[in-house]
2 protein chains.
Amino acid sequence: MSDDTPNETNLIQSLFAPLTLGHPASFGLHDDVAFLPTAATAGFVITQDQVIEGTHFLASDPIDWAARRLVRRNVSDLIAKGAHPRAAFLSLAWPKARPRGEMADFAAGLGEDLKHVCGNCPLLGGDTSTTNGPLVASLTLLGEMAGTRTSPVLRSGAQVGDRVLVTGAIGDAWIALQIRLGHMSASDGLEACLKRATLPQHPPMALADLIAQYANASIDVSDGLLADATHLATQSGAALHLNLDHIPLSPEAQKWCDADPDQSLPRRLLLATGGDDYQPLLTLSPTHAQAFCAASQALGVPVTDLGSVAVGKGLHLRHHDHAVPLPARLGWGI
Amino acid sequence: MSDDTPNETNLIQSLFAPLTLGHPASFGLHDDVAFLPTAATAGFVITQDQVIEGTHFLASDPIDWAARRLVRRNVSDLIAKGAHPRAAFLSLAWPKARPRGEMADFAAGLGEDLKHVCGNCPLLGGDTSTTNGPLVASLTLLGEMAGTRTSPVLRSGAQVGDRVLVTGAIGDAWIALQIRLGHMSASDGLEACLKRATLPQHPPMALADLIAQYANASIDVSDGLLADATHLATQSGAALHLNLDHIPLSPEAQKWCDADPDQSLPRRLLLATGGDDYQPLLTLSPTHAQAFCAASQALGVPVTDLGSVAVGKGLHLRHHDHAVPLPARLGWGI
């Protein structure tokens, strides 16, 4: 692991070396590289995502949240592809203006989530440096496919006739963000959304096994349910038909949608385009969908059937059996 | 490859997808992950380094320089370990205040160096996002060992009796930085240093083969020659004895050192602690050192013998046959 922070060579050893969990591939973070043998694996599924102060978290957030958000953004990509994380690399640009003492909190949050969310995934290397600007951190995760599957579940694998499923609930993260930005009030029971979704929720790692076993296509809902469904449809060269009234909401989000009948559909569309949900959206044959639902519910993970894959292209929405035009904005980046 | 930049999903396809060179592991940057099969390799040598605006490059620099500096910082780590790059991943935090059009220049510089410096290394994935602050970019390179060697040449492998060699010239990068910061004048022929070293110099990839074949220990000189020699000594549990008068300088740097006899040693120490040289510093048995020098010179890479590895610990300096105390500062981070 390399370190550009002046006079702080010991930071890597004191804060980050414990996160290697003694994995020999890390050389104790004493070298410039890691060396990961490949004999035991058919290949690595590799993902990389950043968190940026002012973009993905607020400067006033506890800094361990930023580290946890970083891990969860990345691991949700691996889970959605049916893979387990095996190695992590961290690039950290630490603001000169932020107390150096907070780096211990950052490392602690990172270590906790690598251990408990990622199944004892070791940190094998990376780079720390300083910046005159806001904090920027990038995590790279190398994963291995679960079970006997030898390649990741892609966006492009959806088959005509597949069911479209999503796990967990959608929209709490959007409500939480609106409350934190002062755009919504935490009244009407919505503080429960804030509490749940300030940190990304994540499915259990065991869900990766079921996705590897059963899914034809998969994506984690990060840009927004409608944006990510569109990605699936585009990459698969098929049409996705989704029922907006099936989108799984938390009881509080459901109550907010139902509070004003005229606003029910617009509010549901806001939740379906908010993003940051980090739940897998997947397509499976009807037979596999049944098996997946049973096994997923046995893990305690709720699953909802949103619709189907059909001949055609793009995203098609219905609400209470009426066709609904696509909103102008489907989510982040689309 | 993921993209958080609003309304810019096509940027990845237009600017970065060509850098995949059509490698199937990238899925054309259309998915959230890459998948790198491992059947043909014993393991991956993995390095990760950042460039940060205001820390590693100036805001006024042409932005393709930042991309090239990023590649060169990383590949010099792999060359020093005896490895060839096989896959690259880019995390990019792009300033909202910087014209988006410059991203094409950044991608072009990155692509040029991945192609010509790294031997057609494909970009397989990564993440682009926006920041309110300065540009931060992190590159991850996965490499494979050259020749028949199956694990990287570490900092920790130096053996008592080894010779200590360095390739290329040391110190031009420090002089170039001083000129760019306005601390030194570009007169006295020093503009040649500026011209040569504004972008990191890099040895040819073929040097990795020789390092893999012959070296016991190796590190790239990035923190400063004395700092990196100390890293080698510490990790190897041995002493490094170096002759300061042997340090290879460019003719212009040599002239600057010699211009004032009283300043010759202090100036030489400044060059030996400046860093950013990106030349491998390695230790080899005397027999291997001879073979390495012959083969390296056949590649057109000059090699200099700086001293030897002995029983003991730490760094020991001599100049004109006199012992020289270590300077207070050995380089970046130490």
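Below you will find a few notes about this structure.

Procedures and definitions
Residues numbered from 1 in each chain as written. Chains lettered and ligands numbered in written order. Predicted model: local features only at pLDDT ≥ 70, side-chain atom pairs only at ≥ 80, totals over all residues. Heavy atoms only, no water. Helix = DSSP H or I, 4+ residues; strand = E, 2+ residues; numbered from the N terminus. Rg over C-alpha atoms; globule rule 2.2 N^0.38 Å. Buried < 20%, exposed > 50% of the residue type's maximum accessible area, 1.4 Å probe, protein only. Contact = heavy atoms within 4.5 Å. Areas by Shrake-Rupley, 256 points an atom, 1.4 Å probe, with all protein chains shown as cover. Lys, Arg positive; Asp, Glu negative; His and termini not counted. Charge placed at Lys NZ, Arg CZ, Asp CG, Glu CD. Pairing = 2+ DSSP bridges. Axes fitted to C-alpha atoms, helices over the stretch in contact; angles between N-to-C directions. Polar contact = N/O pair within 3.5 Å; in protein donor to acceptor, adjacent residues only side chain to side chain. Nonpolar A, V, L, I, M, F, W, Y, C, P; charged D, E, K, R; others polar. Least-squares fit on C-alpha atoms with pLDDT ≥ 70 in both. Parallel < 35°, antiparallel > 145°, perpendicular 65-115°, else oblique. 1 Å grid on protein atoms, 1.4 Å probe; cavity = no way out; pocket = protein on both sides within 12 Å on 5 of 7 lines; lining within 4 Å. Points joined across faces, edges and corners; volume = space filled by probe spheres on them. Arc of directions from axis to C-beta.

Description of the overall build of chain A
So, step 1. A count of helical and extended segments in chain A gives ten helices and 13 strands.
So, step 2. For 334 residues, the compact-globule estimate of 2.2 N^0.38 gives 20 Å, and the C-alpha radius of gyration of chain A, at 21 Å, lies within 12% of that figure.
So, step 3. When the backbone C-alpha atoms are referred to their principal axes, chain A occupies close to 65 × 50 × 30 Å.
So, step 4. Looking at chain A residue by residue over its 334 residues, the buried ones come to 61%.
So, step 5. Counting only contacts in chain A whose residues sit at least 6 apart along the sequence, the fraction spanning at least 24 positions is 82%.
So, step 6. Counting only carbon and sulfur atoms, one obtains 54% of the accessible surface of chain A, whose full area is about 11,800 Å².
So, step 7. Computed over 22 positive and 33 negative side-chain charges, the separation of the two mean positions in chain A equals 3 Å.

Section: the sheet that holds strand S13 (residues 322-324) of chain A
All names here are of chain A.
So, step 1. Taken in spatial order, the seven strands of this open sheet run S8-S10-S7-S11-S9-S12-S13, and their pairing is mixed. For this open sheet the edge positions go to strand S8 (217-220) and S13, each flanked by a neighbour on one side alone. Adjacent strand axes in the sheet meet at a mean angle of 30°, parallel and antiparallel pairs treated alike.
So, step 2. Bridge count between S8 and strand S10 (residues 280-284): four bridges; the pairing is antiparallel. When the bridges of S10 are listed, Asp220 appears paired with Pro280.
So, step 3. Strands in contact with helix H2 (residues 63-80) are S8 and S10; relative to S8, the strand with the most contacts, it is inclined by about 170°.
So, step 4. Against the sheet, helix H6 (residues 206-214) makes contact with strand S7 (163-167), S8 and S10, and its axis sits at roughly 30° relative to S10, the strand it touches most.

Here's the deal with the interface of chain A and chain B
So, step 1. Tallying the contact residues gives 66 residues for chain A and 67 residues for chain B.
So, step 2. Summed over the shared surface of chain A and chain B, the result is 36 residue pairs in polar contact (both at pLDDT 80 or more).
So, step 3. The element that contributes the greatest number of residues to the side of chain A that touches chain B is strand S3 (residues 43-52) of chain A, accounting for nine residues.
So, step 4. For the side of chain A that touches chain B, the per-class residue count stands at 24 nonpolar, 29 polar and 13 charged.

Some remarks on the relation of the copies chain A and chain B
So, step 1. Its rotation angle being 180°, the transformation that places chain A on chain B also includes 0.0 Å of axial translation and leaves an RMSD of 0.0 Å. When the rotation and shift are considered jointly, the pair of chain copies conforms to a two-fold rotation axis. Scanning chain A for the C-alpha nearest the rotation axis identifies Gly133 of chain A, at a separation of 2.4 Å.
So, step 2. Take the interface residues of chain A: 100% of them recur as interface residues in chain B, which is what a same-surface contact looks like.

Section: the packing of helix H8 (residues 251-258) of chain B against helix H9 (residues 264-272) of chain B
All names here are of chain B.
So, step 1. Viewed as axis vectors pointing N to C, H8 and H9 meet at an angle of 140°, and their least axial separation amounts to 8 Å. Touching Ala253, Gln254, Trp256, Cys257 and Asp258 of H8 are Ser264, Arg267, Arg268, Leu270 and Leu271, all from H9.
So, step 2. Of the residues contributing to the contact of H8 with H9, the split by class is five nonpolar, two polar and three charged.

Some details on the packing of helix H6 (residues 206-214) of chain B against helix H10 (residues 286-298) of chain B
Residues and elements named next belong to chain B.
So, step 1. Where H6 meets H10, the closest approach of the two axes is 10 Å, and the angle between their N-to-C directions is 170°. Judged by the angle between their axes, H6 and H10 are roughly antiparallel. The segment H6 lies against H10, with Leu207, Leu210, Ile211 and Tyr214 engaging His288, Ala291, Phe292, Ala295 and Ser296.

With respect to the side chain of Arg69 of chain B
Residue and element names in this part refer to chain B.
So, step 1. Within the element layout of this structure, Arg69 appears in helix H2 (residues 63-80).
So, step 2. Residue Arg69 is classed as buried on the basis of its relative accessible area of 10%.
So, step 3. Aside from chain neighbours lying at most four places away, what touches Arg69 is Val51, His56, Ala197, Thr198, Leu199, Pro200, Asp276 and Tyr278.

Re the pairing of strand S6 (residues 136-145) of chain A
Residue and element names in this part refer to chain A.
So, step 1. Along S6, nine of the ten residues are buried, which leaves the element largely enclosed by surrounding structure.
So, step 2. Two elements, S3 and S6, share eight bridges in a ladder whose sense is antiparallel. Note that in S6 the partner of Asp49 across the bridge is Leu139.
So, step 3. Note that strand S4 (residues 83-95) and S6 share ten bridges and pair antiparallel. Residue His84 lies in a different strand from S6, and its bridge partner there is Glu144.

Focus on the layout of surface pockets
So, step 1. The volume enclosed by the second largest pocket comes to roughly 720 Å³.
So, step 2. What lines the second largest pocket is a set of 33 residues, and nearest its centre among them are Thr55, His56, Leu177, Asp276 and Trp332 of chain A.
So, step 3. Put simply, the parts of the chain that give the lining of the second largest pocket at least two residues each are H2 and helix H4 (172-180) of chain A together with strand S5 (123-131) of chain B.
So, step 4. Of the residues forming the lining of the second largest pocket, the biggest block, six residues, is contributed by H4 of chain A.
So, step 5. For the lining of the second largest pocket, the per-class residue count stands at 13 nonpolar, eleven polar and nine charged.

Examining H8 of chain B
Residue and element names in this part refer to chain B.
So, step 1. Every buried residue of H8 is accounted for by Glu252, Ala253, Trp256 and Cys257. All buried residues of H8 project into a common sector of 140° when viewed along the axis, lining one side. Among the exposed residues of H8, those oriented more than 90 degrees off its buried face are Pro251 and Lys255.
So, step 2. Taken together, the buried residues of H8 touch helix H4 (172-180), helix H5 (191-197) and H9.

Quick look at unusual backbone geometry
So, step 1. Of note in this structure, His320 of chain A is not a glycine but carries a positive phi near 50°.
So, step 2. Topologically, His320 of chain A is positioned in the loop between strand S12 (314-319) and S13.
So, step 3. In this structure His320 of chain A comes out as exposed when scored by relative accessible area, which is 53%.
So, step 4. Positive phi, normally seen in glycine, also occurs at Asn120 of chain B, with a value near 60°.
So, step 5. You can see Asn120 of chain B is positioned in the loop between helix H3 (102-116) and S5.

Keep in mind that these numbers describe shape and distance, not what the molecule does.
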